[in-house]
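Residues per chain are reported as follows:
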Amino acid sequence: MRMGQRKRIEIGKATDLHFGSGHGPRLPKKPEQKKDGSPSPHLTGPLPVLGALHEGRHVPGQEGVNQHPTMRKATADDVARGVKRVAPHRAPGYLMESGLSGHATKIALGVAVAAVVAIAVAGCWWFLWRSVSFTVNDQEVSARVGSRLVDVIKAGDYYGAKAGRLLSINGNVIDETGGTRFTLTIDGEEVDPAGEDRIDVPEGAKVGVTDGTDVTEDHTEETVEALPGVEMERGGAIQYVSQWGKAGTKVVWTGKASGETLDHEMLEQPVNMVIAGRNLSPSASNGKKYVALTFDDGPSSYTPKILDILKEKGAKATFFNLGAQEEAYPAYAKRVVDEGHELASHTNKHQYLPKLDRDSLRAEISSAAESLKKATGEDVQMIRAPYGAFDVNSWVRSADLISCNVLWNIDTRDWERPGAQAITDAVLNGAYNGAIVLMHDGGGNREQDVEALPAIIDGLRAAGFEPVTVRELMKLDGNIPEDVVSGTVKQPEGTTAPAEVQ
Ligand code: NI
């Protein structure tokens, strides 16, 4: 039985030659017909040989077949027909034996392939689904290979890490947890948050999870004009622009989430506007000193009386008239000018100017100038703001309309009606070279001013002072710009009003 199997395997090897031909088992040829119609006798030859092989028997005279399965020696009949070597004829039994053997091989091969595939699949399965270990903040963690590290960290509730904040471009908190969720390190190396999501669980690594970081909102950027600032000197009675502002350029950021703006970079520094505040010191030649007597809130019915006294004494003064009063007393402003005094503006309706918006403030100044022009034909640029109130933003809004704002050095407090003597004493006791004295010719009962004025002038002169106009006092000081003195200030080309101070 074992011998028979071995022999069949040997035959199988012979059929392997057929497999090797690449055409599979060959079909048996049709038996050749002799010319007389009977089958050729040699065709029966191979059959007993094969049968004997099947049974493991040896057939005498058929050695050639056994020695070489594909060829047999030519029979006498063959020789007679001139055939020397004849290819063996395959009987159906031969073919059947050969097919059975190939089938077994196929099964074996199939089993082998299936086994290999199974092993490969199992390997892949293991490779794809195996668990890897690492530590997070020194805690042992394991997760399926290839899973995302961030998912593991999320599942671990971020290991106590506190999220960062979202900040505006100016550093204000927009969202308490709008920054990065956590900070990640792998074996001590910090991981860029941008690539965090793509990191697989790192086998054997030391992962660190700590608090997230603050993130600043996105912003847009544009280059804009940088308005000048404004600087104001304090304490002087004569205020004027000593330096006009010039715009620069700057890069401004606007926060996309907050809408806040931030001056990011100054490309060209602006030049600030500077408001000078100076007290006057006229040069005292021949021991002579000078003061300026000033009268506010007129014209009124008291104005002619004051003008009469000044005329009588041959003294000069300055009148800060209200535009609204000019309608009622147009002749008095004209007389002020005609008699050599200085006419200036106390604005139109005696409002507190810092509270006015830009347009209202400018109208308050311009309308008064128009009234004075109408009454006298003079262009008046010098003002005294009501209550002396002319703040930084008043300058920002209207510097181009005025030459100067005139305050005072000596307040007679005549509006309190302290008595003519008190008013006189206030002037004479306070007088110094270059002082500007505040009195009133309108806005109420000014009888005490009228009563005090002759004694004031006489007393000043007795003390070596000459009463002059403010313009004259500025001229005598010698340090005030000529256009400010003459009231012909014009804002230079290419200069810019400052930004309002908040
Ligand atoms: Ni006033």
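Residue numbering note: each chain is counted from 1, following its sequence as written. With pLDDT at 70 or above as the cut-off, local features in this predicted model cover only qualifying residues; side-chain atom pairs require 80 or more to be listed or tallied, and sums for whole chains, interfaces and linings still use all residues. In computing side-chain values, all of the structure's heavy atoms are included and hydrogens and water are not.

Glancing now at the pairing of strand E14 (residues 248-255). The rule is simple: take the accessible area with a 1.4 Å probe, protein chains only, and divide by the maximum for that residue type; under 20% is buried, over 50% is exposed, in between is partly exposed. To qualify as a helix, a DSSP run of H or I must reach at least 4 residues; to qualify as a strand, a run of E must reach at least 2; elements of each kind are numbered from the N terminus. Counting buried residues along E14, 6 of its 8 residues qualify, which places the element largely inside the surrounding structure. We call two strands paired when DSSP finds no fewer than two bridges between them. Bridging between strand E11 (residues 219-226) and E14 involves 8 bridges; their strand directions are antiparallel. Counterpart to glutamate 225 in the pairing with E14 is threonine 249. Where E14 lies against strand E15 (residues 261-268), 6 bridges are found, and the strand directions are antiparallel. Paired with threonine 254 across the two strands is threonine 261, which belongs to E15. Counted between consecutive antiparallel strands, the loop separating E14 from E15 contains 5 residues, among which glycine 259 sits at a positive phi close to 75°.

So, on to the coordination of the nickel ion. Shown as donors are all N, O and S atoms within 2.8 Å of a metal ion, widened to 3.2 Å for Na, K and Ca; because water is not in the atom set, sites may appear incomplete. The protein atoms that coordinate the nickel ion are Asp297 (OD), His346 (NE2) and His350 (NE2), at distances spanning 2.1 to 2.2 Å. Ordering the donors of the nickel ion by residue number gives the pattern D-x48-H-x3-H. Given the relative accessible area of 1%, histidine 346 is considered buried. Taking the relative accessible area as the measure of exposure, histidine 350 reaches 21% and is therefore partly exposed.

Among all positions of helix H14 (residues 470-477), only Val470, Leu473, Met474 and Asp477 are buried. The arc that holds the buried residues of H14, viewed along the axis, is 100°, so those residues lie on one side. Backbone geometry just downstream of H14 places glycine 478 in the positive-phi region, at approximately 80°. Directions from the helix axis toward the C-beta atoms define the arc.

Along an α-helix, residues three or four apart share an orientation, since each turn contains 3.6 residues. All buried positions along helix H9 (residues 330-338) are accounted for by Ala333, Arg335, Val336 and Val337. Looking at the packing, one finds that the buried side of H9 touches helix H7 (303-313), strand E18 (318-321), helix H8 (323-326), strand E19 (342-345) and helix H10 (358-376). In the stretch just after H9, glycine 340 is the one whose phi turns positive, near 85°. Any two residues whose heavy atoms approach within 4.5 Å are treated as being in contact.

Moving on: the nonpolar core. Side-chain atoms within 4.5 Å are what join buried Ala, Val, Leu, Ile, Met, Phe, Trp, Tyr and Cys residues into a set we call a nonpolar core. Of all hydrophobic cores here, the largest spans 39 residues; its most connected members are Ile238, Phe390, Trp395 and Met474. Dropping the residues within four chain positions of it, methionine 474 is found in contact with Ile238, Leu280, Met382, Cys404, Ile480, Val484 and Val485. Ranked by size, the runner-up nonpolar core spans 33 residues in total, among them Ile306, Phe319, Val337 and Met439.

In this section: the packing of H7 against H9. Close contact between H7 and H9 brings their axes to 10 Å; oriented N to C, the two are set at 15°. With respect to their mutual orientation, H7 and H9 come out roughly parallel. The crossing of H7 and H9 is left-handed. For the pair H7 and H9, contact is made by Thr303, Pro304, Leu307 and Asp308 and by Tyr332, Arg335 and Val336, respectively. Only Asp, Glu, Lys and Arg are considered charged in this grouping, and only Ala, Val, Leu, Ile, Met, Phe, Trp, Tyr, Cys and Pro are considered nonpolar; every other residue, Gly among them, is considered polar. Split by residue class, the contact of H7 with H9 holds 4 nonpolar, 1 polar and 2 charged. Every axis corresponds to a line fitted to the C-alpha atoms, with the helix fit spanning only the stretch in contact, and the corresponding angles, defined between N-to-C directions, vary from 0 to 180 degrees. The scheme is simple: roughly parallel for angles under 35 degrees, roughly antiparallel for over 145, roughly perpendicular for 65 to 115, oblique for anything else. Each crossing is labelled by how the near helix is turned from the far one, with a counterclockwise turn of less than a right angle marking it left-handed and a clockwise turn marking it right-handed.

Now for the packing of aromatic side chains. Each aromatic pair joins two rings of Phe, Tyr and Trp (for Trp, the six-membered one) with centres within 6.5 Å, and gets the label stacked for planes under 30 degrees apart, edge-to-face for over 60, and tilted for any other angle. Summed over the entire model, instances satisfying the criterion amount to 5 aromatic pairs. Measuring from ring centre to ring centre gives 5.3 Å for tyrosine 329 and tyrosine 332, while their planes differ by 15°; the resulting arrangement is stacked. When its relative accessible area of 26% is taken as the criterion, tyrosine 329 is described as partly exposed. Seen from their ring centres, tyrosine 352 and tyrosine 387 are 6.4 Å apart, and the 50° between their planes marks the pair as tilted. Of this pair, tyrosine 352 sits in the loop between E19 and H10 while tyrosine 387 sits in the loop between strand E20 (382-383) and helix H11 (392-398), and the two are 35 residues apart along the sequence. We classify tyrosine 387 as exposed; its relative accessible area is 55%. Should the NZ of a Lys or the CZ of an Arg lie within 6 Å of a ring centre and within 35 degrees of the ring normal, that charge is described as sitting over the ring. When the ring centre of tyrosine 158 is taken as origin, the NZ or CZ atom of arginine 181, which lies over that ring, is 3.7 Å away.

This paragraph deals with the sheet that holds E14. Pairing in this open sheet of 3 strands is antiparallel, and the strands run E11-E14-E15 from one edge to the other. Only two strands of the sheet have a single partner each, and these edge strands are E11 and E15. Across the sheet, the mean angle separating the axes of adjacent strands is 25° when strand polarity is ignored.

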